[in-house]
Amino acid sequence: MKMTSDTNTSKSSRLSSVAAAVRVLKCFSEVEPEIGISSLAKRLSLAKSTVHRLAVTLTSEGLLEQSPETGRYRLGINLFVMGALVRRRLDVSNMAQPFLNVLRERTGETIHLAVMNETNILYLYNLESRQAIRMKSYIGTIKPAFCTCEGRAIVAFGGTELMNKVLNAPLLARTPGTQTDPAQLMKMFAEIRAHGYAIDDEESEQGMRGISAPLRDITGQVIAAIGIGGPSQRLTLKKLRGLAPVLLSTAEAISTQLGYRA
(Lines give C-alpha, C1' and ligand atoms only; values in the text may rest on other atoms or scores of the structure.)
Protein backbone atom coordinates (compact mmCIF):
# COMPACT_ATOMS: atom_id res chain seq x y z
CA MET A 1 0.00 0.00 0.00
CA LYS A 2 2.89 2.30 0.83
CA MET A 3 4.37 1.68 -2.63
CA THR A 4 1.12 2.82 -4.27
CA SER A 5 1.07 5.95 -2.15
CA ASP A 6 4.69 6.75 -3.00
CA THR A 7 4.00 6.18 -6.71
CA ASN A 8 1.00 8.50 -6.65
CA THR A 9 3.05 11.13 -4.81
CA SER A 10 5.81 10.84 -7.42
CA LYS A 11 3.33 11.24 -10.31
CA SER A 12 1.72 14.23 -8.61
CA SER A 13 5.12 15.82 -8.13
CA ARG A 14 6.03 15.35 -11.79
CA LEU A 15 2.72 16.83 -12.94
CA SER A 16 3.21 19.76 -10.59
CA SER A 17 6.67 20.38 -12.05
CA VAL A 18 5.29 20.30 -15.60
CA ALA A 19 2.57 22.80 -14.66
CA ALA A 20 5.16 25.06 -13.03
CA ALA A 21 7.39 24.87 -16.13
CA VAL A 22 4.47 25.90 -18.33
CA ARG A 23 3.76 28.82 -15.99
CA VAL A 24 7.40 29.92 -16.33
CA LEU A 25 7.13 29.95 -20.13
CA LYS A 26 3.88 31.94 -20.01
CA CYS A 27 5.57 34.75 -18.06
CA PHE A 28 7.44 35.96 -21.12
CA SER A 29 5.87 38.44 -23.51
CA GLU A 30 6.71 40.95 -26.21
CA VAL A 31 6.73 43.66 -23.55
CA GLU A 32 9.00 41.63 -21.25
CA PRO A 33 11.12 39.26 -23.37
CA GLU A 34 13.80 38.73 -20.67
CA ILE A 35 13.17 37.97 -16.99
CA GLY A 36 15.51 37.13 -14.11
CA ILE A 37 15.11 34.29 -11.62
CA SER A 38 14.15 36.61 -8.73
CA SER A 39 11.38 38.25 -10.75
CA LEU A 40 10.08 34.89 -11.97
CA ALA A 41 10.05 33.48 -8.42
CA LYS A 42 8.18 36.50 -7.08
CA ARG A 43 5.65 36.46 -9.91
CA LEU A 44 4.96 32.74 -9.59
CA SER A 45 5.13 32.65 -5.77
CA LEU A 46 7.77 29.93 -5.95
CA ALA A 47 11.14 29.52 -4.26
CA LYS A 48 14.13 30.85 -6.20
CA SER A 49 15.74 27.42 -6.06
CA THR A 50 12.65 25.86 -7.66
CA VAL A 51 12.49 28.45 -10.43
CA HIS A 52 16.22 28.12 -11.07
CA ARG A 53 15.88 24.34 -11.40
CA LEU A 54 12.98 24.75 -13.83
CA ALA A 55 14.89 27.35 -15.85
CA VAL A 56 17.96 25.11 -16.12
CA THR A 57 15.81 22.18 -17.28
CA LEU A 58 13.95 24.30 -19.84
CA THR A 59 17.25 25.73 -21.09
CA SER A 60 18.71 22.24 -21.55
CA GLU A 61 15.72 21.42 -23.79
CA GLY A 62 16.08 24.61 -25.81
CA LEU A 63 12.82 26.08 -24.55
CA LEU A 64 14.62 28.86 -22.68
CA GLU A 65 18.03 30.45 -23.13
CA GLN A 66 20.10 32.62 -20.83
CA SER A 67 21.42 35.96 -21.97
CA PRO A 68 25.23 36.04 -21.59
CA GLU A 69 25.08 39.81 -21.06
CA THR A 70 22.35 40.12 -18.42
CA GLY A 71 22.04 36.58 -17.02
CA ARG A 72 18.28 36.83 -17.47
CA TYR A 73 16.25 34.21 -19.33
CA ARG A 74 14.31 34.47 -22.57
CA LEU A 75 12.32 32.07 -24.74
CA GLY A 76 14.44 29.55 -26.62
CA ILE A 77 14.75 28.70 -30.29
CA ASN A 78 12.94 25.36 -29.94
CA LEU A 79 9.73 27.21 -29.10
CA PHE A 80 10.09 29.04 -32.40
CA VAL A 81 10.55 25.72 -34.20
CA MET A 82 7.39 24.31 -32.60
CA GLY A 83 5.48 27.51 -33.27
CA ALA A 84 6.55 27.37 -36.91
CA LEU A 85 4.93 23.96 -37.22
CA VAL A 86 1.64 25.38 -35.95
CA ARG A 87 2.00 28.45 -38.19
CA ARG A 88 2.64 26.23 -41.19
CA ARG A 89 -0.64 24.43 -40.57
CA LEU A 90 -2.50 27.72 -40.30
CA ASP A 91 -0.81 29.04 -43.45
CA VAL A 92 -1.87 25.95 -45.39
CA SER A 93 -5.46 26.35 -44.29
CA ASN A 94 -5.58 30.08 -45.05
CA MET A 95 -3.90 29.79 -48.45
CA ALA A 96 -6.00 26.81 -49.49
CA GLN A 97 -9.44 28.22 -48.69
CA PRO A 98 -10.09 30.13 -51.96
CA PHE A 99 -9.06 27.09 -54.00
CA LEU A 100 -11.21 24.78 -51.89
CA ASN A 101 -14.22 27.03 -52.37
CA VAL A 102 -13.83 26.71 -56.14
CA LEU A 103 -13.30 22.95 -55.85
CA ARG A 104 -16.58 22.54 -53.98
CA GLU A 105 -18.45 24.53 -56.61
CA ARG A 106 -16.92 22.48 -59.42
CA THR A 107 -17.56 19.08 -57.82
CA GLY A 108 -20.66 19.69 -55.71
CA GLU A 109 -19.20 17.49 -52.97
CA THR A 110 -17.72 17.98 -49.49
CA ILE A 111 -14.11 19.20 -49.47
CA HIS A 112 -11.53 18.44 -46.78
CA LEU A 113 -8.08 19.67 -45.78
CA ALA A 114 -6.15 17.41 -43.41
CA VAL A 115 -2.69 17.10 -41.84
CA MET A 116 -0.91 14.27 -40.05
CA ASN A 117 -1.22 13.93 -36.28
CA GLU A 118 1.02 11.05 -35.17
CA THR A 119 -0.47 8.06 -37.06
CA ASN A 120 -3.81 9.80 -37.58
CA ILE A 121 -5.03 12.72 -39.64
CA LEU A 122 -6.52 15.90 -38.26
CA TYR A 123 -9.10 17.80 -40.31
CA LEU A 124 -8.09 21.47 -40.38
CA TYR A 125 -10.77 22.73 -42.76
CA ASN A 126 -13.92 21.43 -44.39
CA LEU A 127 -16.57 22.70 -46.76
CA GLU A 128 -19.75 20.65 -46.76
CA SER A 129 -21.57 19.91 -49.98
CA ARG A 130 -24.74 21.89 -50.56
CA GLN A 131 -26.59 18.72 -51.53
CA ALA A 132 -29.14 17.21 -49.13
CA ILE A 133 -27.33 13.87 -48.88
CA ARG A 134 -23.68 14.62 -48.20
CA MET A 135 -20.62 13.70 -46.22
CA LYS A 136 -20.56 15.51 -42.89
CA SER A 137 -17.27 16.43 -41.30
CA TYR A 138 -16.02 18.65 -38.53
CA ILE A 139 -12.85 20.67 -38.02
CA GLY A 140 -10.65 19.00 -35.43
CA THR A 141 -11.92 15.49 -36.16
CA ILE A 142 -9.20 12.84 -35.96
CA LYS A 143 -9.25 9.61 -38.00
CA PRO A 144 -6.70 6.86 -38.68
CA ALA A 145 -4.42 7.75 -41.59
CA PHE A 146 -4.21 4.25 -43.06
CA CYS A 147 -7.89 4.02 -44.05
CA THR A 148 -8.70 7.60 -45.08
CA CYS A 149 -7.92 8.96 -48.52
CA GLU A 150 -6.30 12.08 -47.05
CA GLY A 151 -4.12 10.02 -44.75
CA ARG A 152 -3.11 7.66 -47.52
CA ALA A 153 -2.19 10.56 -49.80
CA ILE A 154 0.14 11.98 -47.15
CA VAL A 155 1.63 8.66 -46.04
CA ALA A 156 2.27 7.39 -49.58
CA PHE A 157 4.43 10.43 -50.34
CA GLY A 158 5.72 10.98 -46.80
CA GLY A 159 8.72 8.66 -46.84
CA THR A 160 9.63 5.27 -45.40
CA GLU A 161 9.78 6.41 -41.77
CA LEU A 162 6.24 7.76 -41.76
CA MET A 163 4.92 4.77 -43.68
CA ASN A 164 6.46 2.31 -41.21
CA LYS A 165 5.16 4.32 -38.27
CA VAL A 166 1.61 4.18 -39.62
CA LEU A 167 1.77 0.49 -40.58
CA ASN A 168 3.21 -0.49 -37.19
CA ALA A 169 0.34 1.17 -35.34
CA PRO A 170 -2.86 -0.81 -34.65
CA LEU A 171 -4.74 -1.18 -37.96
CA LEU A 172 -8.29 -1.50 -36.72
CA ALA A 173 -11.12 -1.89 -39.24
CA ARG A 174 -13.69 0.92 -39.20
CA THR A 175 -16.03 -0.73 -41.74
CA PRO A 176 -16.40 -4.21 -43.27
CA GLY A 177 -14.39 -2.98 -46.26
CA THR A 178 -11.41 -1.50 -44.39
CA GLN A 179 -8.09 -2.83 -45.67
CA THR A 180 -5.93 -3.76 -42.66
CA ASP A 181 -3.26 -5.98 -44.25
CA PRO A 182 0.10 -4.10 -44.14
CA ALA A 183 1.33 -5.83 -47.31
CA GLN A 184 -1.77 -4.77 -49.23
CA LEU A 185 -1.50 -1.24 -47.86
CA MET A 186 2.13 -1.05 -49.01
CA LYS A 187 0.97 -2.07 -52.48
CA MET A 188 -1.76 0.55 -52.29
CA PHE A 189 0.75 3.26 -51.35
CA ALA A 190 2.84 2.37 -54.41
CA GLU A 191 -0.25 2.74 -56.62
CA ILE A 192 -1.03 6.10 -55.02
CA ARG A 193 2.46 7.35 -55.85
CA ALA A 194 1.99 6.17 -59.44
CA HIS A 195 -1.40 7.87 -59.89
CA GLY A 196 -0.86 10.93 -57.70
CA TYR A 197 -4.04 10.48 -55.70
CA ALA A 198 -5.58 8.18 -53.07
CA ILE A 199 -9.06 6.67 -52.78
CA ASP A 200 -11.12 5.57 -49.78
CA ASP A 201 -13.82 3.13 -50.91
CA GLU A 202 -16.14 3.03 -47.86
CA GLU A 203 -13.15 2.10 -45.68
CA SER A 204 -13.29 5.00 -43.24
CA GLU A 205 -17.05 5.47 -43.11
CA GLN A 206 -19.58 3.04 -44.52
CA GLY A 207 -21.60 4.51 -47.38
CA MET A 208 -19.01 7.21 -48.12
CA ARG A 209 -16.20 7.42 -50.65
CA GLY A 210 -13.39 9.92 -51.10
CA ILE A 211 -10.43 10.88 -53.22
CA SER A 212 -7.44 12.92 -52.07
CA ALA A 213 -4.17 14.46 -53.30
CA PRO A 214 -1.13 15.69 -51.35
CA LEU A 215 0.02 19.28 -50.86
CA ARG A 216 3.73 20.18 -50.87
CA ASP A 217 5.57 23.12 -49.37
CA ILE A 218 8.57 25.07 -50.68
CA THR A 219 10.93 22.23 -49.73
CA GLY A 220 8.88 19.66 -51.64
CA GLN A 221 7.75 17.97 -48.44
CA VAL A 222 4.15 16.72 -48.29
CA ILE A 223 2.56 18.63 -45.42
CA ALA A 224 -1.19 18.13 -45.96
CA ALA A 225 -3.81 16.69 -48.28
CA ILE A 226 -7.05 17.90 -49.80
CA GLY A 227 -9.92 15.51 -50.39
CA ILE A 228 -13.32 15.25 -52.04
CA GLY A 229 -15.91 13.08 -50.32
CA GLY A 230 -19.53 12.07 -50.70
CA PRO A 231 -22.09 9.27 -50.50
CA SER A 232 -21.20 6.11 -52.39
CA GLN A 233 -24.65 6.00 -54.03
CA ARG A 234 -23.76 9.21 -55.87
CA LEU A 235 -19.97 8.90 -56.03
CA THR A 236 -19.35 5.66 -57.88
CA LEU A 237 -15.71 4.63 -58.23
CA LYS A 238 -15.84 5.65 -61.88
CA LYS A 239 -17.19 9.10 -61.03
CA LEU A 240 -14.70 9.42 -58.18
CA ARG A 241 -11.76 8.74 -60.47
CA GLY A 242 -13.28 11.19 -62.95
CA LEU A 243 -12.74 13.91 -60.32
CA ALA A 244 -8.99 13.22 -60.20
CA PRO A 245 -7.96 15.84 -62.81
CA VAL A 246 -9.68 18.75 -61.06
CA LEU A 247 -8.43 17.52 -57.68
CA LEU A 248 -4.85 17.23 -58.88
CA SER A 249 -4.89 20.64 -60.58
CA THR A 250 -6.23 22.20 -57.36
CA ALA A 251 -3.56 20.48 -55.26
CA GLU A 252 -0.91 21.71 -57.68
CA ALA A 253 -2.23 25.28 -57.51
CA ILE A 254 -2.23 25.28 -53.70
CA SER A 255 1.26 23.76 -53.58
CA THR A 256 2.48 26.48 -55.93
CA GLN A 257 1.05 29.10 -53.56
CA LEU A 258 3.00 27.40 -50.75
CA GLY A 259 6.19 27.89 -52.76
CA TYR A 260 6.56 24.44 -54.31
CA ARG A 261 8.12 24.22 -57.75
CA ALA A 262 8.14 20.85 -59.49
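None of the values given here were measured: they were computed from a predicted structure. (Residues numbered from 1 in each chain as written. Predicted model: local features only at pLDDT ≥ 70, side-chain atom pairs only at ≥ 80, totals over all residues. Heavy atoms only, no water.)

(A) Structural view of the overall build of the protein. What the protein contains, in helices and strands, is nine helices and nine strands. Within the protein, buried positions represent 43% of all 262 residues. When contacts within the protein are restricted to residue pairs at least 6 apart in sequence, those whose partners lie at least 24 apart make up 58%. Taken as a whole, the protein presents about 14300 Å² of accessible surface, with 55% of it coming from carbon and sulfur. (Helix = DSSP H or I, 4+ residues; strand = E, 2+ residues; numbered from the N terminus. Buried < 20%, exposed > 50% of the residue type's maximum accessible area, 1.4 Å probe, protein only. Contact = heavy atoms within 4.5 Å. Areas by Shrake-Rupley, 256 points an atom, 1.4 Å probe, with all protein chains shown as cover.)

(B) Here's a closer look at the environment of N78. Residue position: N78 is located in helix α4 (residues 77-107). Distance in space between the C-alpha atoms of N78 and E65 is 9.9 Å, their sequence separation being 13 residues. Residues contacting N78, with those up to four places away along its chain left out, are E61, G62 and L63.

(C) Spatial organisation of the pairing of strand β5 (residues 120-127). Burial within β5 is extensive, with six of its eight residues counted as buried. Where strand β4 (residues 110-117) meets β5, seven bridges bridge the pair, whose relative direction is antiparallel. Counted as the bridge partner of H112 is N126 from β5. Where β4 folds back onto β5 in an antiparallel hairpin, the turn is made up of two residues, including E118, whose phi is positive at roughly 60°. In terms of strand pairing, β5 meets strand β6 (residues 142-144) through three bridges, oriented antiparallel. Bridge pairing in β6 places L122 opposite I142. (Pairing = 2+ DSSP bridges.)

(D) Geometry of the pattern of salt bridges. Applying the stated criterion to the full structure yields twelve salt bridges. Here R43 makes a salt bridge to E32, at a shortest N to O gap of 3.0 Å. Placement of R43 in helix α2 (residues 37-44) and of E32 in the loop between α1 (2-26) and β1 (34-35) is noted, with a sequence separation of eleven residues between them. The class for R43 is partly exposed, based on a relative accessible area of 40%. Several salt bridges share partner residues, and in doing so they unite E34, E65, R72 and R74 into one network. (Salt bridge = Lys/Arg side-chain N within 4 Å of Asp/Glu carboxyl O.)

(E) Spatial organisation of the nonpolar core. Judged by nonpolar contacts, the single largest core of 28 residues is most densely connected at L100, L113, I211, L215, I226 and L247. Among the elements of the structure, α4, β4, β5, β8 (208-216), β9 (222-231) and α9 (244-257) are those that each provide at least two residues to this core. Here this core takes five residues from α9, the largest share from any one element. Those residues in contact with I211, other than ones at most four positions away along the chain, are C149, Y197, A198, I199, I226, G227, I228, L240, R241, A244 and L247. (Core = buried A, V, L, I, M, F, W, Y, C linked by side-chain atoms within 4.5 Å.)

(F) Structural detail: a nonpolar patch on the surface. Together, I77, F80 and V81 make up an exposed nonpolar region whose accessible area comes to about 320 Å². Position of V81 relative to the elements: it lies in helix α4. (Patch = residues over 30% accessible without salt bridge, like charges linked within 9 Å, V, L, I, M, F, W, Y side chains within 5 Å.)

(G) Layout of the sheet that holds strand β2 (residues 64-66). The strand order across the open sheet formed by three strands is β1-β3-β2, and the pairing between neighbours is antiparallel. A strand with exactly one partner marks an edge of an open sheet, and here the two such strands are β1 and β2. Bridge count between β2 and strand β3 (residues 73-75): three bridges; the pairing is antiparallel. Opposite L64, over in β3, you have L75 as the bridge partner.

(H) Molecular detail of helix α6 (residues 160-168). Those residues of α6 that fall on the buried side of the exposure criterion are L162, M163, V166 and L167. The arc that holds the buried residues of α6, viewed along the axis, is 125°, so those residues lie on one side. The exposed residues of α6 that point more than 90 degrees off its buried face are T160, E161 and N168. Summarising the contacts, the buried residues of α6 are in contact with β4, α5 (149-157) and α7 (182-195). (Arc of directions from axis to C-beta.)

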